[in-house]
Amino acid sequence: MRALRRLVARFRNFATARRGDERLREEMDQHLAMQTEENIRSGMTPVEARRQARLKCGGAESIREDYHAEEGLPLLENLIHDTRFTLRILRRSPGFTIVVILTLALAIGACTAIFSAVNPILFEPLPYPHANRILTIWSTFGGVRSRLAFGNWRELVERNHSFEALAVYEPWQPVLLGGAQPVRLNGQKVSASYLRVLGIEPWLGRDFLPAEDRFNGPAVAILSYRLWQQKFGGERGIIGAAVTLDGDRYTLIGVMPVGFENVLSSQADIWAPLDYNVQAAATNFESGEWGNHLYMVGRARPGVSREAALRDLDTIAANRIAQFPRPPHAALQHGLIVDSLKADITRGVRPALLAVMGAVLLVLLMAGVNVTNLQLARGAQRQSEFAMRVALGAGRMRLVRQLVTESLLLAGLGGAVGVAIAAAGVRMLVAMSPSGLPRIQAIHLSGEAFFFALILTTLVGVVTGLVPALSASREELRASAQPNSARSTRSDSWTRRTLVVTEMALALVLLAGAGLLLRSMERLLAVDPGFNPSGLLTIQIKTSGHEFDDTSTAPSGGSDARRRFFQQVFDAVRRVPGVTAAGLTTNLPLTDDAIIYGIYGARFESGPSNVGTDVFRYVVSPGYCEAMQIPLRRGRFLSKLDGDDAPSVVLISESLAKSQFPGQDPIGKRVHVGPMNRPWYTVVGVVGDVKQNSLVTDEPDAVYLTAGQSWFADDTMSVVVRERGDALALAPAVENAIWSVDKNQALVRVATADQLMAADQATRRFVLMLFEAFALVALALAATGIYGVLAGSVAERTREIGVRSALGASRRDILGLVLGKGMRLAAIGAALGLGAAAVSSSALVSLLFGVSRLDPLTYLSVTALLLVVAAAACAIPAARAVAVDPMQALRSE
Amino acid sequence: MKQKKDVQQGTLALMVLKTLDVLGPLHGYAVARRIEQISGDLLSVNQGTLYPVLLRLEQEGAIASDWAASENNRRARFYRLTRTGRKLLGAEKREWEQTASIVARFFEVKAEDLA
């Protein structure tokens, strides 16, 4: 009850800002006067009486504090008081304030931005119910993940005990007709269980039915919300309506929810059931049902771990049963790989993201160290202020609280600016993110990121506040009551030197990372792709429509139509003004075309009869190699005379020639590519190796043949066009030329070869750019850090320097004294940093190319860079020390 | 001059209440001096500890205060005991006596008493 009454009184005092100050002062004055009178009465002189009275009454300041502590809400009041005081102090040193706020803002901003980007990709659960139960399943060959056949899926669905639902899918790019121009859509052909595996139902309409999951079943399709809005005007009535895709009528049965995120194919806008034939799977091993081109994903039953699911599937793979025969090329003899969906989709980018996150944390650490250092330097300058306040009765805790308030306020301001920087940074990260980054739509300045920034700010604030506060109050402050006392702040400067060494070491770690990545990029840019990419435009075309289908009545009608169509496209494109050379190819170098469609077995007549070698099969038009400027090493290029009625011929790549015919002339040798029951191909030429799918991989074995002599007619080909000047400028003319042949064919990919090369290195470039930025920031922080310490020490030692030069030290001696001190710190830091960099560079290994993670040249050059920058930063205080006028320095004290 | 003890924490409030109870309204300085006198000058009460205690007691409603003229015509703030204060004093007194008697028993205890 009493406590409550007091609390109410305190609150009232606080709220009405009523202060007993006046009353207290008056009472104290009276008290003092009465004490003095009494002292006089007892025989003291008036002066002595007053002095004794004062001594007895104690410090006015501390009485006021005690009184206030009883009066209002001291915590809150002190906070407000401290904050007001801090603002006043900070306004008085705007340089310090701005540097600290900017340093913190940059670090917190960068950290928050990176965390915002990394969090949804690496840490947040995927946006599906019980997402941790979704597993991807791969066949494996020598540790490499490979896709599965329809026949495998059927067997696993029937025999497994671990999965609630097991789905397969493949990419699908149907052409939507009906608009002004045909539109190529991105989509997926899926088994009916696909959405059940993800655990998401259509928002409008319904999911696929198991009955729709069959050969020649009803043609039904589900749309993404995005496509529904863009192409169907968000009309609810479209459920049940029909659309024409690739010449077929599909009934629309559903629309996915607006926020549905399809991490397995983020661009997919339309889904339809797969169209595989169970009968064919059982009887014909050569059918498409046994082609390894399906991706598999499953939802494990509750309580079934990834390991248990893997054991289950591996047991099935190892024990064949008569009901499910398997052909040799889909026998699952090496078992399966089961991975969590999340680990699967982040597999490629995980090391890059972790490296970037490590780098940004280093930057944050450096910023914290730097701010601490600045605070310490300022703390040294403020010794006399602190001493004064202690003398006036401020308690030690009160002082510590004031300093912590100061740094919290700085960190808070830095955090606020930092969040603004982070918002811009996130937008920038999304804009420049490499195409391989999953869940790009989920990246935004999230609440978690904001929380993260807030925690960081608070932590940095408290730490940077406490270090100087503790080191200030550790000393007997009363001793330094007189300003500029000669008392040296030994422990202070020791702390600060340690911090500078730390900063140097951290900066070197970042610089070494950036250096290694930069060298890798240089090496990559120096890689010869095997063709000349400049001035080269590429357009991928996939035929669409029933006129390109082989049917039972015209078994080769569709194939003929495809060959004819691509021949006409070739002729039309060559006639476009400005085109100097043109060609067609099934696989475009530096794309994944070749991996997806282009690998076949090749067996040379001279080699063992039962072993083939995997090669990339390029079906090309005459003139392709010339247009690409792939060099001819031997023999001749393909010509238009190598048609379907001429003898079958191939070109082979240089490396294939070397490995198969070491020291011999391969011209005239014969080879089977693909099926064995075809005539031999005769090698007529050897061409240079080409980087098939990436600059970083060496898979150079390839054969080139003409469309007329291939055992099947491809439905997808790329036009390559060489021109003078800007390759993209001619794109509209070339597109029109293609559409002049058939306006219903959509163009899948239009890109210059330079763009393809850039895309190939996108992830590296992304990481490199971030590392370069962070390393620059780190360098700047290290430079200001060492500058700050030296400048502080020169200021403190002005008198000593004056004495030295008065006693005959030359300018060179003084310069050496200051520079030597700075460079010693820099060198220790660099040495420690070299060790740390050597260890931490192992995190970068997967991002490096053509350079060892311990590359001595890189380490040497970044160390040199750091030392040069440190020397430059030391030069300013050194120059100031040299300029010290001994007379003035001695007189100033 | 012999070393004077500072007032033990917590007991000062009780002394203030008792002093006001016995002597009627007093100003702060008088309260301090009376306590020192009563203690036989063994205690020293400085204003740094006194005024916060007075304020707290006032906030609790145990005492009230008003400005008035002092004995030699100075303006001084006089504190007086309220009814709540009298009750509080009674309660505190009982509590203190109890504590004191318990402590006293411990000092008087001998080994044979516990045999």
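Residues numbered from 1 in each chain as written. Chains lettered and ligands numbered in written order. Predicted model: local features only at pLDDT ≥ 70, side-chain atom pairs only at ≥ 80, totals over all residues.

> For this particular structure, what's the right way to read the overall build of chain B?
When its secondary structure is counted, chain B shows four helices and five strands. Reading the helices (α) and strands (β) of chain B from amino to carboxyl end gives β-α-β-α-β-α-β-β-α. In terms of overall size, chain B is more extended than a compact globule, its C-alpha atoms giving a radius of gyration of 17 Å where 115 residues would be expected to give roughly 13 Å. Along the first, second and third principal axes, the C-alpha atoms of chain B reach 65 × 40 × 20 Å. Of all 115 residues assigned to chain B, the portion counted as buried reaches 30%. (Helix = DSSP H or I, 4+ residues; strand = E, 2+ residues; numbered from the N terminus. Rg over C-alpha atoms; globule rule 2.2 N^0.38 Å. Buried ≥ 20, exposed ≤ 12 C-beta atoms within 10 Å, placed from the backbone.)

> For this particular structure, what's the right way to read the overall build of chain A?
Within chain A, the regular secondary structure consists of 28 helices and 24 strands. Relative to the 2.2 N^0.38 estimate, which gives 29 Å for 893 residues, the radius of gyration of chain A is 38 Å and therefore markedly larger than a compact globule would have. Based on the C-alpha atoms only, the size of chain A along its principal axes is roughly 135 × 75 × 55 Å. Taken across its 893 residues, chain A has 41% of its residues classed as buried. The contacts in chain A between residues at least 6 apart in sequence include a share of 83% that link residues at least 24 apart. (Contact = placed C-beta atoms within 7 Å.)

> So what exactly am I meant to see when it comes to the environment of V673(A) here?
Residue and element names in this part refer to chain A. Locating V673 in the fold gives a position in strand β20 (residues 670–673). Of the residues examined, V673 has 22 C-beta atoms within 10 Å and is grouped as buried. For the pair V673 and V703, spaced 30 residues apart in sequence, the C-alpha to C-alpha distance is 8.4 Å. If we skip the residues at most four places from it in the chain, V673 touches Y600, A602, V615, R617, V650, Y681 and V703.

> What am I meant to see in the pairing of strand β19 (residues 649–653) of chain A here?
Each regular strand carries side chains that alternate between the two faces of the sheet. Residue and element names in this part refer to chain A. Judged by how many residues are buried, β19 sits mostly within the fold: five of five residues are covered. Where β19 meets strand β21 (residues 681–687), five bridges bridge the pair, whose relative direction is parallel. Within the sheet, the bridge partner assigned to V650 lies in β21 and is V683. (Pairing = 2+ DSSP bridges.)

> What should I look at first to understand the pairing of β20(A) in this one?
Residues and elements named next belong to chain A. Side chains of β20 alternate between two faces, with V671 and V673 buried and R670 and H672 left unburied. As defined by bridge partners, strand β16 (residues 599–604) adjoins β20 across three bridges and the pair is classed as antiparallel. Residue A602 lies in a different strand from β20, and its bridge partner there is V673.

> I would appreciate a short explanation of the nonpolar core in the present structure.
As a rule of thumb, soluble globular proteins bury nonpolar side chains together. All names here are of chain A. Counting 97 residues, the largest nonpolar core has V363, M504, A507 and A778 as its most contacted members. Elements with a minimum of two residues in this core: α6 (94–123), α13 (350–381), α15 (396–432), α16 (447–474), α17 (490–525), α24 (762–796), α26 (811–840) and α27 (856–882). Not counting residues up to four positions away in its chain, the partners in contact with V363 are A107, A110, F774, V777 and A778. One finds L148, Y194, V197 and I316 within the second-largest nonpolar core, a separate group that totals 60 residues. (Core = buried A, V, L, I, M, F, W, Y, C linked by C-beta atoms within 7 Å.)

> Can you help me understand helix α25 (residues 798–806) of chain A in this one?
An α-helical turn contains 3.6 residues, so a residue and the one three or four places further along point in the same direction. Residue and element names in this part refer to chain A. Along α25, the residues classified as buried are T798, I801, G802 and S805. Along the long axis of α25, the arc covered by the buried residues comes to 105°, so they all point the same way. Phi turns positive, to about 110°, at G808, one or two residues after α25. (Arc of directions from axis to C-beta.)

> Any chance you could explain unusual backbone geometry here in plain terms?
Only a minority of non-glycine residues have a phi that is not negative, and only a minority of peptide bonds are not trans. Residue and element names in this part refer to chain A. Residue N216 is not a glycine yet carries a positive backbone phi of 55°. Here N216 shows up in the loop between β7 (204–205) and β8 (220–223). Note on N216: 7 C-beta atoms within 10 Å, which makes it exposed. Of note in this structure, L332 is not a glycine but carries a positive phi near 60°.

> Honestly, the sheet that holds strand β2 (residues 26–27) of chain B in this entry has me stumped. Any pointers?
Either a parallel or an antiparallel arrangement is found when strands of a sheet pair, and the pairing is made through backbone hydrogen bonds. All names here are of chain B. Taken in spatial order, the three strands make up an open sheet running β2-β5-β4, and their pairing is antiparallel. With one partner strand each, in any of the chains shown, β2 and β4 (63–69) form the two edges of the open sheet. Two strands pair when backbone bridges link them, and β4 and strand β5 (residues 75–81) are joined in this way by seven bridges, in the antiparallel orientation. Looking at the pairing, A64 lines up with R80 of β5. On top of the sheet, helix α1 (residues 11–23) reaches β2, β4 and β5; it is set at about 95° to β5, its chief contact. (Axes fitted to C-alpha atoms, helices over the stretch in contact; angles between N-to-C directions.)

> Just to check I follow, could you spell out the packing of α1(B) against helix α3 (residues 47–60) of chain B for this structure?
The relative placement of two packed helices comes down to the angle between their axes together with the axis-to-axis distance. All names here are of chain B. In the contact formed by α1 and α3, the axes pass within 10 Å of each other and the chain directions differ by 70°. Relative to α3, the element α1 lies roughly perpendicular. The residues of α3 that touch α1, namely those facing L12, A13 and V16, are T49, V53, L54 and L57. Its residues placed into classes, the contact of α1 with α3 shows six nonpolar, one polar and no charged. (Parallel < 35°, antiparallel > 145°, perpendicular 65-115°, else oblique. Nonpolar A, V, L, I, M, F, W, Y, C, P; charged D, E, K, R; others polar.)

> Just to check I follow, could you spell out the environment of D665(A) for this structure?
All names here are of chain A. With respect to the helices, strands and loops of the structure, D665 is situated in the loop between α21 (654–660) and β20. Under the C-beta neighbour-count criterion, D665 is labelled exposed, with 12 such atoms within 10 Å. In this structure, the C-alpha to C-alpha distance between D665 and G143, residues 522 residues apart in sequence, is 36 Å.

> I would appreciate a short explanation of the environment of I134(A) in the present structure.
Residues and elements named next belong to chain A. Position of I134 among the secondary structure elements: in strand β1 (residues 134–141). Overall, I134 belongs to the buried group, with 24 C-beta atoms counted inside 10 Å. Not counting chain neighbours up to four residues away, the residues in contact with I134 comprise Y128, V197, L198, V297, R299 and L341.

> Before we go on, may I ask you to explain the packing of helix α2 (residues 28–38) of chain B against α3(B) in this structure?
All names here are of chain B. With their axes 11 Å apart at the nearest point, α2 and α3 run at an angle of 115° to one another. Like other packed secondary-structure pairs, α2 and α3 cross with a definite hand, here right-handed. Facing G28, V31 and A32 of α2, the residues of α3 in contact are Q47, L50, Y51 and L54. Residue composition of the contact of α2 with α3, by class: five nonpolar, two polar and no charged. (Left-handed = near helix turned anticlockwise from the far one by under 90°.)

> Quick question: what am I supposed to make of the confidence of the model for chain A here?
Do not read the predicted coordinates in detail wherever pLDDT is low. Per-residue pLDDT for chain A has a mean of 84; in total, 93% of the residues score no lower than 70. Here residues 477–488 of chain A is modelled with pLDDT under 50, and outside its nearest four sequence neighbours on either side it reaches 17 contacts, counting other chains as well. (pLDDT = per-residue confidence, 0-100.)

> Whenever I open this one, the confidence of the model for chain B confuses me. Can you help?
Averaged over every residue, the pLDDT of chain B is 82; residues scoring 70 or more account for 90%. Here the predicted complex carries an ipTM of 0.78, next to a pTM of 0.72.

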